[in-house]
Amino acid sequence: MTTASEPDWREANRAMWDERVPIHAASAFYDHEAFLAGKDTVAGFQADEVGDVTGKSLVHLQCHMGQDTLSWARRGAARVVGLDFSEPAVEVARGLAAGLGFAPERAAFTAADVYDAREALGGEVFDVVYTGIGALCWLPDIERWAEVASSLVAPGGFLYLAEFHPLSNVLDWNTGTRFERDYLGREPVVLDEPGTYVDFRAETERNLSYEWNHAIGAVVSALAAHGLRLEFLHEFDWTLFQQFGTLERDGEAYRQPEGTPKAPLMYTLKASRT
Ligand SMILES: C[S@@+](CC[C@H](N)C(=O)[O-])C[C@H]1O[C@@H](n2cnc3c(N)ncnc32)[C@H](O)[C@@H]1O
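What you are looking at is a predicted structure, and each value in this text was computed from that prediction instead of being measured.

Under the definition given, this model contains 13 aromatic pairs. What links up through ring pairs into an aromatic cluster is the set Trp 17, Phe 29, Tyr 30, Trp 138 and Tyr 197. Here Arg 74 stacks its cationic end above the ring of Phe 35, 4.4 Å away from the centre of that ring. Positioned above the aromatic ring of Tyr 115 is the side chain of Arg 144, whose terminal nitrogen or guanidinium carbon lies 4.1 Å from the ring centre.

Pasting the structure below:
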């Protein structure tokens, strides 16, 4: 069993992310050139489920380099704010916002830990709180996350989360059909591996990271405990990357081949403040 004190996980994870930002910014995966030329990174299931954001305010927690944040702005959100604890990521996001011609009042980026978001954002509340796609796994305490995230939802607003499914995270990497860890386990997964998902061979030095798996029940219950009402919880048998060796690409989606027992690989939820 491995335990991680708060400064340990935060410092390790932030150093790991900081080092990867320039690699990501230069990568074909994030393709900033195509993004600046108009690529919409939230098109598809996320845009369909969130609906029309025209005129709304939106905060994106753990925004990384801000492409999804800025995609919501391009879709008509009146004001978007991205928050991430990686200063280099926030700097890249500000550069992209400027490149798209968004003034800071329209698209702002703040460097802060997600647990400090309420104070870092000066108590501002938003019509839409958006997060996910590899966000919750970096946080040890889902209750604390829900308390902060729900506090950012304006009356009549909602939180939308699109995330890799916690059940998929405990399956074997070859076939995605066998349990390798406890679904309800609370201990962090501690990795010390070079590279990144955009380039597994990238030479990196800050490789220690801490991740946690948050069961669906824990996420939903934490949001409900902080005053949000669940509108939907959708589970999908496809994902956005080659999570298991057996997955077959089908457009933007990766799926198990026919005949393989299928676990849920992603989920989305919408929870409103009435
Ligand atoms: C996988 S990325 C999110 C990906 C994003 N959806 C995208 O594709 O651009 C995870 C982000 O979470 C941020 N992060 C991790 N732990 C955090 C924390 N405690 N507070 C704020 N940001 C955090 C990292 O800096 C990183 O940018």
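There's plenty left to go through after this.
Quick look at the packing of helix H1 (residues 6–25) against helix H5 (residues 87–99) now. Their axes nearest at 7 Å, the elements H1 and H5 cross at an angle of 30 degrees. Comparing the axis directions of H1 and H5 gives the class roughly parallel. In this structure, H1 uses Asp 18, Val 21 and Ala 25 to contact H5, whose residues at the interface are Glu 87, Pro 88, Ala 89 and Val 92.

Attention now moves to the environment of Gly 195. One can find Gly 195 in the loop between strand S6 (189–192) and strand S7 (208–211). Measuring from C-alpha to C-alpha, the distance between Gly 195 and Arg 20 comes to 8.3 Å, with 175 residues separating the pair along the chain. Not counting chain neighbours up to four residues away, the residues in contact with Gly 195 comprise Arg 20, Phe 200, Ala 202, Thr 204 and Asn 207.

Our focus in this paragraph is helix H7 (residues 142–151). For H7, every residue scored as buried is listed here: Ile 142, Trp 145, Ala 146, Val 148, Ala 149 and Ser 150. Backbone nitrogen of Glu 143 and a side-chain oxygen of the N-cap are separated by 3.1 Å at the start of H7; the cap is Asp 141.

Around the ligand, 18 residues are found, and the nearest of them are Tyr 30, His 64, Asp 84, Asp 113 and Val 114. Between the ligand and Phe 85 there is a distance of 3.2 Å, counted from a nitrogen atom to a backbone nitrogen or oxygen. Taking Val 114, its main chain carries an N or O atom lying 2.9 Å from a nitrogen atom of the ligand. The fraction of the free accessible surface of the ligand (600 Å²) that becomes covered by protein chains is 95%. Looking at the shell around the ligand residue by residue, the class counts come to 10 nonpolar, five polar and three charged.

It is worth spelling out the packing of H7 against helix H8 (residues 216–225) at this point. Contact geometry of H7 with H8 gives a least axis separation of 8 Å together with a crossing angle of 40 degrees. Classed by the angle they form, the pair H7 and H8 counts as oblique. The two elements H7 and H8 meet at a crossing, and its hand is right-handed. In contact with Ile 142, Glu 143, Trp 145 and Ala 146 of H7, H8 contributes Ala 218, Val 219, Ala 222 and Leu 223. Residue composition of the contact of H7 with H8, grouped by class: seven nonpolar, no polar and one charged.

Moving on: the sheet that holds strand S4 (residues 126–132). What holds strands together in a sheet is hydrogen bonding between their backbones, with the strands either parallel or antiparallel. Taken together, seven strands build an open sheet; the order of strands is S3-S2-S1-S4-S5-S12-S8 and the sheet is mixed. Two strands lie at the open edges of the sheet, namely strand S3 (107–111) and strand S8 (229–236), each paired on one side alone. Put simply, the sheet's adjacent strands are angled 15 degrees from each other on average, direction ignored. Direction of pairing for strand S1 (residues 57–61) relative to S4: parallel, over a ladder of four bridges. In the strand pairing of S4, Val 59 is matched with Val 129. The strands touched by helix H4 (residues 67–74) within the sheet are S1, strand S2 (79–84), S3 and S4, with S2 carrying the most contacts at an inclination of about 175 degrees. Together, S1, S4 and strand S5 (153–164) form the strand contacts of H7, whose direction differs from that of S5 by roughly 135 degrees.

This part takes up the nonpolar core. Counting 35 residues, the largest nonpolar core has Leu 61, Trp 145, Leu 159 and Val 219 as its most contacted members. Those elements that provide at least two residues to this core are H1, S1, S2, S4, H7, S5, H8 and strand S12 (266–272). At five residues, H7 tops the list of elements feeding residues into this core. Contact partners of Leu 159, with chain neighbours within four places excluded, come to Val 129, Trp 145, Ala 149, Val 153, Leu 223, Leu 228, Leu 269, Lys 270 and Ala 271. In this structure, Phe 45, Trp 72, Ala 93 and Met 266 belong to the second largest nonpolar core, which totals 30 residues.

The three strands are arranged S9-S11-S10 in an open sheet whose pairing can be described as antiparallel. The open sheet has two free edges, formed respectively by strand S9 (238–239) and strand S10 (248–250), since each of these has just one partner strand. Of the strand pairs in this sheet, S10 and strand S11 (residues 253–255) are connected by three bridges, and their pairing is antiparallel. Paired with Glu 248 across the two strands is Arg 255, which belongs to S11.

Rules and cut-offs
- Residues numbered from 1 in each chain as written.
- Predicted model: local features only at pLDDT ≥ 70, side-chain atom pairs only at ≥ 80, totals over all residues.
- Heavy atoms only, no water.
- Phe/Tyr/Trp six-rings, centres within 6.5 Å; stacked < 30°, edge-to-face > 60°.
- Lys NZ or Arg CZ within 6 Å of the ring centre and 35° of its normal.
- Axes fitted to C-alpha atoms, helices over the stretch in contact; angles between N-to-C directions.
- Helix = DSSP H or I, 4+ residues; strand = E, 2+ residues; numbered from the N terminus.
- Parallel < 35°, antiparallel > 145°, perpendicular 65-115°, else oblique.
- Contact = heavy atoms within 4.5 Å.
- Buried < 20%, exposed > 50% of the residue type's maximum accessible area, 1.4 Å probe, protein only.
- Polar contact = N/O pair within 3.5 Å; in protein donor to acceptor, adjacent residues only side chain to side chain.
- Near = heavy atom within 4 Å.
- Areas by Shrake-Rupley, 256 points an atom, 1.4 Å probe, with all protein chains shown as cover.
- Nonpolar A, V, L, I, M, F, W, Y, C, P; charged D, E, K, R; others polar.
- Left-handed = near helix turned anticlockwise from the far one by under 90°.
- Pairing = 2+ DSSP bridges.
- Core = buried A, V, L, I, M, F, W, Y, C linked by side-chain atoms within 4.5 Å.

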